[in-house]
Amino acid sequence: MGNAISHEDLAAIVSERFFEVYNGHPGVNHLGENDHPGVERIWDLVNAIRQTELNVPPMMGMASDDSHEYHGEPGSRPGRG
């Protein structure tokens, strides 16, 4: 599983106000592990940086059911956003 972006990188994108807080695809490391925080913790870290260091509005989290698979194959299923 990959980790595409750090919380520091995400916090520094001050032109954005929203990010996908949960992605149910099996290749996404949304829970984190020892070396990488999960998305819930990333959200907290991003907003701490934005509010204390950057003085910009908080980043808001969103989830949606943008499924990519509807026919019984493994992958992104609806209803998990």
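All figures in this text were calculated on a predicted structure; none of them were measured in a lab.

Visitor: An account of the overall build of the chain is needed here, citing residue identities and associated values.
Guide: For the chain, the helix and strand inventory stands at two helices and two strands. In the chain, the succession of α and β elements from N to C terminus is α-β-α-β. Taking contacts inside the chain between residues at least 6 apart in sequence as the whole, the part at least 24 apart equals 62%. With an accessible surface of roughly 5,700 Å², the chain has 53% of that area assigned to carbon and sulfur atoms.

Visitor: Could you give an account of helix 2 (residues 39-54), with specific residues and numbers?
Guide: Listing the buried residues of helix 2 in full gives V39, I42, L45, V46, N47, I49 and R50. Lining the buried residues of helix 2 we find helix 1 (7-11). N55 lies just past helix 2 and shows a positive phi near 55 degrees.

Visitor: Tell me about the confidence of the model for the chain, residues and numbers included.
Guide: Of all residues in the chain, 70% attain a pLDDT of 70 or more, and the chain-wide mean is 79. For the chain, the element scoring lowest by mean pLDDT is strand 1 (residues 18-20), at 74; helix 2 scores highest, at 92.

Visitor: Which residues make up the side chain of R50, and what values go with them?
Guide: Within the secondary structure, R50 sits in helix 2. The buried charged residue R50 lacks any salt bridge partner; its closest oppositely charged side chain belongs to E16, at an N-O distance of 8.6 Å. A distance of 3.2 Å separates a polar side-chain atom of R50 from the backbone oxygen of I13. Beyond its immediate stretch of four places on either side in the chain, R50 contacts L10, A11, I13, V14, E16, N55, V56, P57, P58 and M59.

Visitor: Could you give me a rundown of the environment of R50, with the residues and numbers involved?
Guide: Residue class for R50 comes out buried when judged on its relative accessible area of 0%. Expressed as a C-alpha distance, the spacing of R50 and L10, which sit 40 residues apart in the sequence, is 9.6 Å.

Quick notes on the rules
- Residues numbered from 1 in each chain as written.
- Predicted model: local features only at pLDDT ≥ 70, side-chain atom pairs only at ≥ 80, totals over all residues.
- Heavy atoms only, no water.
- Helix = DSSP H or I, 4+ residues; strand = E, 2+ residues; numbered from the N terminus.
- Contact = heavy atoms within 4.5 Å.
- Areas by Shrake-Rupley, 256 points an atom, 1.4 Å probe, with all protein chains shown as cover.
- Buried < 20%, exposed > 50% of the residue type's maximum accessible area, 1.4 Å probe, protein only.
- pLDDT = per-residue confidence, 0-100.
- Lys, Arg positive; Asp, Glu negative; His and termini not counted.
- Salt bridge = Lys/Arg side-chain N within 4 Å of Asp/Glu carboxyl O.
- Polar contact = N/O pair within 3.5 Å; in protein donor to acceptor, adjacent residues only side chain to side chain.

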